[in-house]
Amino acid sequence: MRFYLISDNSDAMNGLRLAGIEGAVARSEADVRAALARIAAQRDIGMILVTEKIAAAYTDALDPVMADAGGPLLVTVPSTGGSAAGKDRITRYIREAIGIKV
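Caption draft 1: Helix 1 (residues 10-18), seen in detail. With a side-chain oxygen lying 2.6 Å from the backbone nitrogen of aspartate 11, the N-terminal cap of helix 1 falls on asparagine 9. At the C-terminal side of helix 1, glycine 20 shows a positive phi close to 90°.

Shown next as structure tokens:
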């Protein structure tokens, strides 16, 4: 099983290439669709890593991949600059714990 990265940043792509992960930098929906076509032609790819910015911007192109139970697993990874999910983590924990908005 191999990994494949679809990133919005060439620095992230180059860093993961050093770890042996192939991929593509996507600047448009056409780039994302071209990368997905390359992945479909390679049956040994088991996991597709997609940065948060790509996942948020191109859901129409990625939704069929997520729905395909027989295809590779699609995993969203943080974009450069950190995870969007972690920006409000402490406030969210307080809100969930005591039930008030801080």
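Caption draft 2: Spotlight on the sheet that holds strand 2 (residues 22-25). If you trace the four strands from one edge of the open sheet to the other, you get 2-1-3-4, paired in parallel fashion. At either margin of the open sheet sits one strand with a lone partner, and together these are strand 2 and strand 4 (73-77). Strand-to-strand twist of the sheet, defined as the mean angle between neighbouring strand axes without regard to direction, takes the value 20°. Examined bridge by bridge, strand 1 (residues 2-7) and strand 2 share four bridges and lie parallel to one another. By the bridge assignment, tyrosine 4 is partnered in strand 2 with glutamate 22.

Caption draft 3: Summary view of the layout of surface pockets. Considering only enclosed or pocket space, the largest pocket measures out at about 230 Å³ in volume. Every residue lining the largest pocket is counted, 14 residues in all, and those nearest its centre are Ile39, Ala40, Asp68, Gly71 and Pro72. Taken together, the elements giving at least two residues each to the lining of the largest pocket come down to helix 2 (29-41), strand 3 (45-51) and helix 4 (59-67). Of the residues in the lining of the largest pocket, the class split is nine nonpolar, three polar and two charged.

Caption draft 4: Fine view of the nonpolar core. In this structure, Ile6, Val32, Leu36, Ile48, Ile54 and Leu62 are the most contacted members of the largest nonpolar core, which totals 18 residues. Of all the elements in the fold, those that place two or more residues in this core are strand 1, helix 2, strand 3, helix 3 (52-57) and helix 4. Per-element accounting of this core gives the leading share, four residues, to helix 2. Every residue in contact with leucine 36, bar those within four places of it in the chain, is listed here: Ile6, Ile48, Ala61, Leu62 and Val65.

Caption draft 5: A look at the pattern of salt bridges. Across all of its chains, the model carries four salt bridges by this definition. The shortest N-O distance in the salt bridge between arginine 2 and glutamate 22 comes to 2.6 Å. Taken together, the residues span a long stretch of sequence, with arginine 2 in strand 1 and glutamate 22 in strand 2 at a distance of 20 residues. Exposure remark for arginine 2: the relative accessible area of 27% places this residue in the partly exposed category. What makes glutamate 22 partly exposed here is its relative accessible area of 37%. Notably, a salt bridge pairs arginine 33 with glutamate 29, separated by 2.7 Å at the nearest N-O pair. Residue arginine 33 and its partner glutamate 29 are located together in helix 2, separated by four residues, close to a single helical turn. The exposure class of glutamate 29 is partly exposed, given its relative accessible area of 32%. Salt bridges linked by common partners bring Arg2, Glu22 and Asp44 together as one network.

Analysis parameters
Residues numbered from 1 in each chain as written. Predicted model: local features only at pLDDT ≥ 70, side-chain atom pairs only at ≥ 80, totals over all residues. Heavy atoms only, no water. Polar contact = N/O pair within 3.5 Å; in protein donor to acceptor, adjacent residues only side chain to side chain. Helix = DSSP H or I, 4+ residues; strand = E, 2+ residues; numbered from the N terminus. Pairing = 2+ DSSP bridges. Axes fitted to C-alpha atoms, helices over the stretch in contact; angles between N-to-C directions. 1 Å grid on protein atoms, 1.4 Å probe; cavity = no way out; pocket = protein on both sides within 12 Å on 5 of 7 lines; lining within 4 Å. Points joined across faces, edges and corners; volume = space filled by probe spheres on them. Nonpolar A, V, L, I, M, F, W, Y, C, P; charged D, E, K, R; others polar. Core = buried A, V, L, I, M, F, W, Y, C linked by side-chain atoms within 4.5 Å. Buried < 20%, exposed > 50% of the residue type's maximum accessible area, 1.4 Å probe, protein only. Contact = heavy atoms within 4.5 Å. Salt bridge = Lys/Arg side-chain N within 4 Å of Asp/Glu carboxyl O.

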